[in-house]
Amino acid sequence: MKVYIETYGCAAAQGDAAIMEGILLQRGYEIVGEPEKADFVVIVTCIVVDTTQQRMISRIKKFKEMGKKIVVAECMASALPDLVKKLDENAILLPPRYIHHIADAIEGKRDFIEKPKVGLPRKIGIRLNIPIAEGCIYNCSYCITKLARGRLTSFPLEGLVKDAENAIKKGCKELRLTTQDTASYGIDIGKSLPELINEIASIEGEFRIRIGMMHPLSAYRIFDELMEAYENEKVYKFIHLPLQSASDKILRAMRRGYTYDLFKEMVDEFRKRFRHSTFATDIIVAFPGEGEEEFNETIEALKELRPDITNVTRFSPRPFTEAAKLKKLPTQVAKQRSHAASELALKISYERNRELVGKTFRALLLEERNGWIVGKTDGYRSVYVKNAAIGEFVKVAIKKAKLTHLEGEITPQH
Ligand code: SF4
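Sequence positions are assigned chain by chain, starting from 1 and proceeding in written order. Thresholds applied to this predicted model are a pLDDT of at least 70 for local features of residues and 80 or more for the giving and counting of side-chain atom pairs; totals over whole chains, interfaces and linings are not thresholded and use all residues.

In this text, near has one meaning. A residue is near a molecule or strand if its C-beta atom, placed using the backbone, is within 6 Å of it. Taken together, Cys136, Tyr138, Asn139, Cys140, Cys143, Thr145, Lys146, Gln180, Asp181 and His215 make up all the residues around the ligand. We call Asp, Glu, Lys and Arg charged. Ala, Val, Leu, Ile, Met, Phe, Trp, Tyr, Cys and Pro are nonpolar, and the rest, Gly among them, are polar. Split by residue class, the shell around the ligand holds four nonpolar, four polar and two charged.

Listed below in structure tokens is the structure:
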């Protein structure tokens, strides 16, 4: 039987998609590149922003028109099952905690049981997203993911290390540890993220570990051990801490649990310890109650923190969340703010890249894009080079800065 998989969403969803593909292949299914050729379509869904949700809705409608049997996997299946059933009453729902039942679901079974995502077959490439936990310990007022993925359940450390080992043996060079908040990993099972990093980093071989998004408060609680773990050369000097707003008033309304000062303290420390690293953040503009003053606090914070990467999104009210009940700001205001913040973020990102021209870094080459080979430096900057092979570790002299990446030339390795 032929299956087509279409994936939306975050690194965790992509990690789950790799598991589903691995299971289907092991059970004898063929994975095809176009829905037309498939008997079953699996749509891996995300519900964080409304625009993506609308895109997925139209895709589900389209697959239904094509007469395809549909599996709606991941967040939409758990948070918005009624909506899915309205679109296609025959759609099979596969929430995030049951994705290991993908083949059973296609084969008509419905008695799903929860199981940690370790020791499962996976499609392994040069990069692999490894979900390390499911769910979250927080209750941000705007978040629907919590509803979709539930409370924190960390996967067993030994199982994750074994999966990492196996992936490296099969040629994987970049392990991406992902979940809703990697820094809270283990608090429910008496383990911690630094422990997990140390164990994975001690696996033999040349590879890199990318630590996914962390809630700032969780990161703060383990910060010293975390920075120690980052010292390992196999760990990219990359930290993704979503600020969301620099106004403490708005942070309180979002129920984020930290202040701007606490956040800044961590970023300063990380940058002091790891020069030429990457600090990525997320900003939500036009959250209900955000006046000019609060928005300006965020703009000033961007100027002060100078993130290497900033993802700006406009507040999007999500069903069943507390923030959806609050008074929305006019769309025009939200658009202006998003435009202003995005422009500033790009300008900063370019300036940060320009500071690296003339320097030389070690980089892992990971993929081909428009005639270039694209890699990541140890500080997780994207670097484009020519005449090189994917999978190699090389030394790159940085020649040019672009808005979102660097261009360089390979130099002899000593
Ligand atoms: S940290 Fe907040 S936004 Fe992120 S998953 Fe948890 S509750 Fe949702």
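Additional details are given in the paragraphs that follow.
This paragraph deals with the domain arrangement of the chain. Often, the extent of an interface is quoted as the loss of accessible area on bringing the components together. Domain ranges listed in this record stem from an automatic or a database domain assignment. The domains assigned to the chain are domain 1 (2-106), domain 2 (127-354) and domain 3 (360-411). One C-alpha centre belongs to domain 1, the other to domain 3; they are set 34 Å apart.

Lines fitted to C-alpha atoms define the axes here, with helix axes fitted over just the stretch in contact, and angles between the N-to-C directions of these axes take values from 0 to 180 degrees. Each helix corresponds to a stretch of at least 4 residues labelled H or I by DSSP, and each strand to a stretch of at least 2 residues labelled E; elements are numbered beginning at the N terminus. In contact at an axis separation of 10 Å, helix α7 (residues 157-169) and helix α8 (residues 193-201) are set at 35° when each is read in the N-to-C sense. Relative to α8, the crossing made by α7 is right-handed. On the side of α7, the interface is formed by Leu157, Leu160, Val161 and Ala164, while α8 contributes Glu195, Leu196, Glu199 and Ile200. Per-class residue counts for the contact of α7 with α8 are six nonpolar, no polar and two charged. The handedness criterion is simple: a crossing whose near helix is rotated anticlockwise from the far helix by less than a right angle is left-handed, and one whose near helix is rotated clockwise is right-handed. What counts as a contact here is a pair of residues whose C-beta atoms, placed from the backbone, lie within 7 Å.

Another point: the sheet that holds strand β4 (residues 69-74). Read from one edge of the open sheet, five strands run β2-β1-β3-β4-β5, paired in parallel fashion. Where the open sheet ends on each side, the last strands, each with one partner, are β2 (30-32) and β5 (92-94). In this sheet, neighbouring strand axes are inclined to one another by 30° on average, regardless of whether the strands run parallel or antiparallel. The pairing criterion for strands is at least two bridges between them, as found by DSSP. Sheet topology note: the β4/β5 ladder contains three bridges and is parallel. The residue bridging Val72 from the neighbouring strand is Leu93, located in β5. Its contacts with the sheet put helix α1 (residues 11-26) on β1 (2-7), β2, β3 (40-45) and β4, and the angle it makes with β1 is roughly 175°. Lying on the sheet, helix α2 (residues 50-65) is in contact with β1, β3 and β4; it crosses β3 at an angle near 175°.

Moving on, we come to the nonpolar core. The nonpolar core is taken to be a set of buried Ala, Val, Leu, Ile, Met, Phe, Trp, Tyr and Cys residues joined by way of C-beta atoms within 7 Å. With C-beta atoms placed from the backbone, a residue is buried if 20 or more other C-beta atoms are within 10 Å of its own, exposed if 12 or fewer are, and partly exposed between those counts. With 110 residues, the main nonpolar core has Met20, Val42, Val71, Val72, Ala73, Leu94 and Leu175 as its most contacted residues. For this core, the element with the highest residue contribution is α1, accounting for eight residues. In this structure, this core is formed jointly by two domains, domain 1 (2-106) and domain 2 (127-354), each of which donates at least three residues. When near neighbours in sequence (up to four residues on either side) are disregarded, Val42 contacts Val3, Ile5, Met20, Val71, Ala73 and Ile102. Within the second largest apolar cluster, 12 residues are counted, among which are Phe361, Ala363, Leu364 and Val383.

Along an α-helix, residues three or four positions apart point the same way, because every turn accommodates 3.6 residues. Taking 1.5 Å of rise per residue, 16 residues should cover 22 Å, and α1 covers 23 Å from first to last C-alpha, within 8% of that figure. Those residues of α1 lying buried are Ala12, Ala13, Gly15, Asp16, Ala17, Ala18, Ile19, Met20, Glu21, Ile23 and Leu24. Just downstream of α1, Gly28 is the residue with a positive phi angle, here 90°. Expected helix span is given by 1.5 Å per residue-to-residue step, counting one fewer step than there are residues.

Quick look at the sheet that holds strand β9 (residues 174-178) now. Pairing within the open sheet is parallel, and its three strands lie in the order β6-β9-β10. Single-partner strands in this sheet number two, and they are β6 (127-131) and β10 (208-211). Adjacent strand axes in the sheet meet at a mean angle of 25°, parallel and antiparallel pairs treated alike. Here β9 pairs with β10 via four bridges, running parallel. Directly across from Arg176, in β10, lies its bridge partner Arg210. Contacts from α1 reach β6 and β9, with the element oriented near 100° to β6.

With that settled, consider unusual backbone geometry. Working note: non-glycine residues mostly have negative phi, and peptide bonds are mostly trans. In this model, Phe320 sits at a positive phi of 65°, which is unusual for a non-glycine residue. Residue placement: Phe320 occurs in the loop between β13 (309-314) and α14 (331-354). Backbone geometry places Tyr380, a non-glycine residue, at a positive phi of 65°. Within the secondary structure, Tyr380 is located in the loop between β15 (372-377) and β16 (382-385).

This part is about the packing of helix α13 (residues 292-305) against α14. Contact pair α13 / α14: the axes reach a minimum separation of 10 Å and the direction vectors enclose 10°. Taken together, the axes of α13 and α14 are roughly parallel relative to one another. Across from Phe295, Thr298, Ile299 and Leu302 in α13, the residues of α14 making contact are Arg337, Ala340, Ala341, Leu344, Ala345 and Ile348. For the contact of α13 with α14, the residue count by class is eight nonpolar, one polar and one charged. Here is the rule for angles: anything less than 35 degrees is roughly parallel, anything more than 145 is roughly antiparallel, 65 through 115 is roughly perpendicular, and the remaining ranges are oblique.

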